[in-house]
Amino acid sequence: MMRLPSFRYLAPKDAAETAKILTGEGPDAMIVAGGTDLYPNMKRRHQMPKTLVSLRNVNDLRGVEMNGAVTIGSNETLRGLERNAELKTRLPALWTAVQSISTPILRNMGTIGGNVCLDTRCNYYNQNWEWRRGIDFCMKCDGTVCWVAPSSSVCWAVNSSDTVPVLIAMGAKFTLVSTRGERTIEAIEMFGEDGIDYLTKQKDEVLTRIEIPDQGNATSVYRKVRRRGAFDFPVAAVAARVEMDGDEVKDVNLVLNAVGPKPVVCESTQEFLKGKKLTPEVVEEAAKLAARGAKPLDNTDHLSMWRKKVVSVEVKRALGALR
Amino acid sequence: MSDDNGTPLSPEQQGLRDQLKEGYNLIGKSPIKVDGMAKTTGETKFADDLSLPRQLFVKLHRSHVAYARIKSIDTSKAEALPGVVAVLTGESLPIPFGILPVSQDEHALCIDKVRFIGDPVAAVAAIDEDVAFEAMQLIHVEYEKLDPVFDPAKALLNNEEPLHDYGDDGNVHKRVSMNFGDVEGAFDDADLVLEEKYFFEGNTHLPLEQHATLAWREPDGRLTVWSCTQTPHYVHKAMSNVLEMPPSRVRIIATPNGGGFGGKSDPFNHEIVCAKLALITNRPCKIALTREEVFYCHRGRHPTLMNMKVGFRKDGQMTGMHFQSLLDGGGYGSYGVASTYYTGALQTVTYKLPNYRFDGVRTFTNKPPCGPKRGHGTPQPRFALEVHLDRAAHELGIDPADIRLNHLCPPDSITANWLKVGSMGLGPCIEKVVEASGWRERYGKLPHGKGLGLACSSYISGAGLPIYWNAMPHSGVTVQLDRGGGVAVFCGETEIGQGSDTVLAMCVAEVLGIELEDIRLVVGDTHTTPVDLGSYSSRVTLMMGNAAFQAAERAREMIAKAAGERLEVPSVRLRFAENRVFDVQDPEHGLTFAKAVQLAETKFGTIAVAGSYTPPATPGKYRGAGVGPSPAYSYSAAVIQVDVDPETGETVVEKIWVAHDIGQSINEMLVIGQVEGGVYMGLGEAIMEEMTYRPNRFGVHKIPSMLEYKSPTTYEMPPVETFLIEDPDPNGPFGAKEVGQGPLLPIMPAVANAVFDAVGVRVDEIPVTPDKVLKAMTSKDKRYGPTKYPDLKITDTMYVKTLEQGGDGTSPRPPKAPTSSGKKVSS
Amino acid sequence: MNPTTEAGGPPPPPTSLAKTHMVLRVNGEDHEVAFRPHKTLLEVLREDMDLTGTKHGCELGECGTCTVLMDGEPKLSCLVLGLESDGVDIETVEGMAGPEGGHPLQHTFAELGAAQCGYCTPGFLLTAKAVLEDDKDPSRETLVEELSGNLCRCTGYLKIYEAIELAAQRMREKGSSDEGGSHV
């Protein structure tokens, strides 16, 4: 069996205590919530924290509050969100994204915070230590070369979160807590430029809350491309949010994911769409524009060329659904 | 009355024949599997569920380079680690092994070279898995890297540093060329000659249970090994050979397999290493592979590049076929020689094919070895043939169902390559799926994006010849009677989920008229059970079933004699049913089964009788005729409905209709389960499963994990309507034929044919993935598939006259070499 | 991330071999168990409690084979620590049968051939049990969704659906006869 390395295990009672432990332990400590991302990585010896700081007893980070805005505790399980009927009605795109993650069993364990902080993925990286030895390791872990782009100076591991593109499109904010205090950032600000430094969250910070502002009249959609109906991470994902003024686009957010190390906000496409009617021609043009921002490489399932092609199809379908 | 050999039947035998004619107690019904409740309560002990006191854990240190000479192995750090009890390298196990006598090319631990990433080089035994894992990583091997070869087309040319020093030449493991009839003449006579290239990507078994073995040196020095193997008999042979222990002192117990599908049919290095370490340390040793390691064991589907050339008459009749296959064998021989022959064997048994030529080559490459996966060597050519027929039907304006129905291989006939076809139920299979799917009304008429595809197949019910040459039975069963009416049945068969335990019990219970609960099975144990060759080649039901029938019949004969005397009834009139033995003319006049057993024991002494089965002789006598013959062939047909997204190429399989010619179901529920399971596995192969490597990145396996090797989930599995065609085959027990492998075969071509009906493009490559569909849709010739075929360098073709030509099944010896390959030769 | 080793060098070994001692509630009974703190629940069940009914197929959360119920919810025992399992009701396949015999699902899986090799079966049974707690008459669509985290290589899932549907029917019938029956 694949076995975990050893570690010290701590289970604080609240966010403040968690932050305190993280400060005390330094960079050798890691937070674990559902464990569905971290434990496989530890078994494959990607990460071997000396101390695991578990959120299992941290109840102040659970729950969903719905006023105008929706506030979700980072430690809320994916299954909890999936079973939240009001969330399904109010934020169907987010619900769709949550419901599409891996499998029902895994969603019983995984948390929204874990999905937001999901380690970037690459099939040169998500392999056992022995396998990685065969390629002399890679830039992201224990090695120097990014094998999917050997001349690259940065890591191309893929942000494969389902909820992140939707949260960005919806203008969500993340609250991070450390012993240095609390800060709230725009969702997109959470994500770094490459597959190694993929989070701007500091090692001593705990993601505590996700706040999604009142969506008003805007409607959103999430579309995910993958091989199978369960288990699989996205190989291309599109989140779109549109606010219409009559039959014209008043505001639009279009975010791609799983096509590079960082979620892609399609700014020029958004500009292009503003004030336009979503005719089939406009949607087609927008889809082409948006696909330019996608830079899939050969490090996930499916061929990268095909993924690039379906990005535009999926953008078209996403906007079509919001028409 | 007499049996097949002309021997007159005894009154007791006649009584049994009469009894069976009146109807079955159990056969064809669906009683609960004998191991059903054990499996649903967690009681079934799989290999890794076993453990013994003082047990050590074994890990293998595997090569991280694809091809290299081993210069030195430093195990000192591992040996020094606290908790490590023993470290082993290849020097301690110098004797090679392999499943086929002609391919004894594996060492339990590599000695001279490593041949793929994952090839084991050293082993450690430690107090637990954590320590063993750590010690395994502390072993340092110095390699002198060699130039690896990953592409079989390149392997054909690469002779400088071949992987092995045996084989036909260089990296060519096996080259075969056989010509039956006048193939060139057949192309001249044809109205249409179609030639196309096809590729079938490799894929793997992916049993949920990872391989595991527990080995124990008994206090008297003998060895017992529990292992999840489909072939304990062959493991027994290899184990005693490599360990240099007399077979009589080595005992292999096959634990129930948590799925096999062919992946546990070879003797494996980890089994031998584990046993050796148990002998060395004098402590029980266990090894349980990780999922990644199971990918390195592999022995799955050979990636196969094919060229199919067929002549057709206007009415769709094939005049002749020239089929070529190039198999990517991976690093070792495994079953590869047989796999190569199998790619050329069964093209002849479904439709009339008077002239046939087959060229096949298997090459070594620096990847995990390929071998037998469900369908062994036949899914690849079956895919090519069935898509080819679909093409021909279109060219000739014939309904794809009719081009098959009108030219079926006749029953009780001899094919061009000298296979004897007995019962043949393909016609009714096609008619069933055509009717159920609404084919006649819907085919070619569904809206763009939706399509129907049809394909057929056939498979052997056990190979006519054993893996190593011998004239002994292929299966043996012993039946031992207990005074209380219990029956102990002993057989070397291996339960791998297919239901062989239940089939064994049902065959005995039917003959003796008792219930399944009165039977105790002892199976898969080389120490206590008669040999059954193993759960491969769909042989178990037919061969074990016949052996069980014979053993039970012999027991019944003794019981009937004794009971007849007591009841003063001629034993021909005795019936065995409901745990009673009684007079058919006066059913009240009888004995309990237990009482009858007591009378028999009184009369004959302790009763333990054996039955065995050896397949009939085959008509083909030429070199290579050993692959393909079978006592009976099963047939299957499938219609598949797909929905293709024309913008993305994504294909959803919406519905599958499948019909299977089973001869006679032993247990109908298990038969349907095998059909559905075969369809599922075929579906995975058809649309998503791929065993691929990165040749530009040192030859690593691209995706050795359950996440990235795509096994269909509940979402991908469509509804399946199954139809069984029952026309008992005289060679099968109660008329039964195989079902474990055949129903997988039509799925892949039926999907490809359905995609053609849906969007008008041909994908001549398995799996049919969205990118290929999309590429085909945007290509000029509306096709995606291989365009080049390498020269297989056939210089020595064997010419065999067909029966039609007046042949006798032999080939001229030595085979005549034609002046140039492909020219018509009259002889 | 977090490169803790020299490139090419093996990762560091588990540092602590000392066992932790705790009480786990498994199949309705409290068990005192001692195990290494880095062990998963899967390893603790199989190796420290001899409950080998729980199987493993990948140990990475990619197959569903090791599913157990924790407070009634299906979870992957390969991705839960033993340490994280205290104070929780754990149910394994061994706990499904009672003195009166097997759970209806155990019977229907056996009767209808939903268990072929039987290796994925414990995981499916426990997932199915949780489904039937929530939904006494699940549709095929519900089963497709709820069972999508359990892989089976033998059956193509069809007989598994049938077995769950038959068990559900039997449980409903038993439920209604229990309610309608007079208790003496």
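Residues numbered from 1 in each chain as written. Chains lettered and ligands numbered in written order. Predicted model: local features only at pLDDT ≥ 70, side-chain atom pairs only at ≥ 80, totals over all residues. Heavy atoms only, no water.

Novice: What is the right way to read the packing of aromatic side chains from this model?
Specialist: Within this structure, the stated rule accounts for 21 aromatic pairs over all chains. When the centroid spacing of 5.4 Å and the interplanar angle of 85 degrees are considered together, the rings of Trp147 of chain A and Phe698 of chain B count as edge-to-face. With Trp147 of chain A in the loop between helix H8 (129-134) and helix H9 (163-169) and Phe698 of chain B in the loop between strand S28 (693-694) and strand S29 (700-701), this residue pair bridges two chains. An aromatic cluster of at least three residues, connected via ring pairs, comprises Tyr234, Tyr335, Tyr468 and Tyr536 of chain B. The ring of Tyr536 of chain B is capped by Arg539 of chain B, whose NZ or CZ atom sits 5.8 Å from the centre of that ring. For the cation-ring pair, Arg762 of chain B lies above Phe756 of chain B, with the distance from its terminal atom to the ring centre recorded as 3.6 Å. (Phe/Tyr/Trp six-rings, centres within 6.5 Å; stacked < 30°, edge-to-face > 60°. Helix = DSSP H or I, 4+ residues; strand = E, 2+ residues; numbered from the N terminus. Lys NZ or Arg CZ within 6 Å of the ring centre and 35° of its normal.)

Novice: In this structure, what is going on with the pairing of strand S18 (residues 450-460) of chain B? I would like to understand it.
Specialist: In summary, the side chains of a regular strand alternate between the two faces of the sheet. Residue and element names in this part refer to chain B. Among the 11 residues that make up S18, 10 are buried, leaving the element largely enclosed by the rest of the structure. In this structure, S18 lies alongside strand S26 (residues 633-644), joined through 11 bridges in antiparallel fashion. Within S26, the residue paired with Leu452 across the bridge is Gln641. (Buried < 20%, exposed > 50% of the residue type's maximum accessible area, 1.4 Å probe, protein only. Pairing = 2+ DSSP bridges.)

Novice: Would you take a moment to explain the interface of chain C and chain B for this structure?
Specialist: Interface size, as often reported, equals the accessible area lost upon joining of the parts. Listed per partner, the contact involves 48 residues of chain C and 53 residues of chain B. Roughly 4200 Å² is buried in total at the junction of chain C and chain B, and carbon and sulfur atoms are behind 57% of that figure. Summed over the shared surface of chain C and chain B, the number is seven salt bridges. The residue Glu689 of chain B makes a salt bridge to Arg153 of chain C at a minimum N-O spacing of 2.7 Å. The interface formed by chain C and chain B holds 30 residue pairs in polar contact (both at pLDDT 80 or more) in total. Of all elements in the fold, only helix H2 (104-111), helix H3 (121-134), helix H4 (140-146) and helix H5 (158-180) of chain C reach the threshold of two or more residues within the side of chain C that touches chain B. Ranked by residue count, the leading element in the side of chain C that touches chain B is H2 of chain C, at five residues. Residue classes in the side of chain C that touches chain B are distributed as 23 nonpolar, 15 polar and 10 charged. (Contact = heavy atoms within 4.5 Å. Buried area = accessible area lost by both parts, 1.4 Å probe. Salt bridge = Lys/Arg side-chain N within 4 Å of Asp/Glu carboxyl O. Polar contact = N/O pair within 3.5 Å; in protein donor to acceptor, adjacent residues only side chain to side chain. Nonpolar A, V, L, I, M, F, W, Y, C, P; charged D, E, K, R; others polar.)

Novice: When you look at the side chain of Arg228 of chain A in this model, what are you seeing that I'm missing?
Specialist: Turning to its location among the elements, Arg228 of chain A is positioned in the loop between strand S9 (219-225) and strand S10 (236-245). Here the side chain of Arg228 of chain A touches Asp232 of chain A through a polar contact of 2.9 Å, side chain to side chain. A distance of 2.8 Å separates the side chain of Arg228 of chain A from the backbone oxygen of Ser711 of chain B, its partner in a polar contact.

Novice: So what exactly am I meant to see when it comes to the interface of chain A and chain B here?
Specialist: Taken together, the contact between chain A and chain B spans 39 residues of the former and 39 residues of the latter. Buried surface at the junction of chain A and chain B, summed over both partners, amounts to about 3500 Å²; 51% is from carbon and sulfur atoms. Looking at the side of chain A facing chain B, the largest losses of area belong to Trp131, Arg227 and Arg228 of chain A, adding up to 19% of the total buried there. Seen at the junction of chain A and chain B, the total is 18 residue pairs in polar contact (both at pLDDT 80 or more). Broken down by secondary-structure element, the contributors of at least two residues to the side of chain A that touches chain B are H8 and helix H12 (304-322) of chain A. Among the elements that line the side of chain A that touches chain B, the one with the most residues is H12 of chain A, at seven residues. A class-by-class count of the residues in the side of chain A that touches chain B yields 17 nonpolar, six polar and 16 charged.

Novice: Honestly, the pairing of strand S11 (residues 248-257) of chain A in this entry has me stumped. Any pointers?
Specialist: Residues and elements named next belong to chain A. Across the 10 residues of S11, seven count as buried, placing the element largely inside the fold. By the bridge criterion, nine bridges tie S10 to S11 in an arrangement that is antiparallel. Bridging across to S11, Arg241 finds its partner in Asn253. A loop of two residues connects S10 with S11, the two strands running antiparallel in sequence, and Gly246 in this loop sits at a positive phi of about 65 degrees. Strand direction decides the pairing type here: S11 and strand S12 (residues 264-265), joined by two bridges, are antiparallel.

Novice: Is there a simple way to explain the pattern of salt bridges in this structure?
Specialist: Pairing is possible between side chains of opposite charge, provided their charged atoms come close. Applying the stated criterion to the full structure yields 93 salt bridges over all chains. Between Glu196 of chain B and Arg391 of chain B there is a salt bridge whose closest N-O contact spans 3.7 Å. Taken together, the residues span a long stretch of sequence, with Glu196 of chain B in strand S8 (residues 192-200) and Arg391 of chain B in helix H11 (residues 379-396) at a distance of 195 residues. One salt bridge in this structure joins Glu676 of chain B and Lys159 of chain C, with 4.0 Å as the shortest N-O distance.

Novice: Can you walk me through the domain arrangement of chain C in this structure?
Specialist: All names here are of chain C. Partitioning chain C into structural domains gives domain 1 (20-95) and domain 2 (104-176). A C-alpha centroid distance of 21 Å is found between domain 1 and domain 2. Taken together, both faces of the contact between domain 1 and domain 2 bury some 1100 Å²; the carbon and sulfur share is 61%. Where domain 1 packs against domain 2, one counts one salt bridge. The residue Lys129 makes a salt bridge to Glu91 at a minimum N-O spacing of 2.8 Å. At the boundary of domain 1 and domain 2, one finds four residue pairs in polar contact (both at pLDDT 80 or more). When the residues that make up the side of domain 1 that touches domain 2 are grouped by side-chain class, the tally is five nonpolar, seven polar and three charged. (Domains from an automatic or database assignment.)

Novice: Would you mind showing me how to read the environment of Tyr342 of chain B here?
Specialist: All names here are of chain B. On the secondary structure map, Tyr342 appears in helix H10 (residues 336-343). Judged by its relative accessible area of 6%, Tyr342 is buried. As a C-alpha pair, Tyr342 and Asp645 span 303 residues in sequence and 35 Å in three-dimensional space. If sequence neighbours within four positions are ignored, Tyr342 has contacts with His376, Gly377, Thr378, Pro381, Ile460, Ala463, Val627 and Gly628.

Novice: Hey, could you run me through helix H8 (residues 269-281) of chain B in this one?
Specialist: Note: α-helices contain 3.6 residues per turn, so residues at a spacing of three or four share the same orientation. Residue and element names in this part refer to chain B. For H8, with 13 residues, the first-to-last C-alpha span of 18 Å sits near the 18 Å given by 1.5 Å per residue. The buried count for H8 comes to 10 of 13 residues, which makes it a mostly enclosed element. Considered for burial, the residues of H8 that qualify are Asn269, His270, Glu271, Ile272, Val273, Cys274, Ala275, Leu277, Ala278 and Thr281. Where H8 terminates, the next one or two residues include Asn282, which has phi positive at roughly 55 degrees. (Expected span 1.5 Å × (residues − 1).)

Novice: Which parts of the structure should I look at to understand the domain arrangement of chain B?
Specialist: Residues and elements named next belong to chain B. Assigned domains of chain B: these are domain 1 (11-30 + 472-613), domain 2 (47-146 + 211-285) and domain 3 (174-204 + 300-465 + 621-784). Just the C-alpha atoms count here: the centres of domain 2 and domain 3 sit 36 Å apart. Contacts between domain 2 and domain 3 engage 19 residues on the former and 21 residues on the latter. Counting the contacts that link domain 2 with domain 3 gives zero salt bridges. At the junction of domain 2 with domain 3, the criterion picks out eight residue pairs in polar contact (both at pLDDT 80 or more). A class-by-class count of the residues in the side of domain 2 that touches domain 3 yields nine nonpolar, five polar and five charged.

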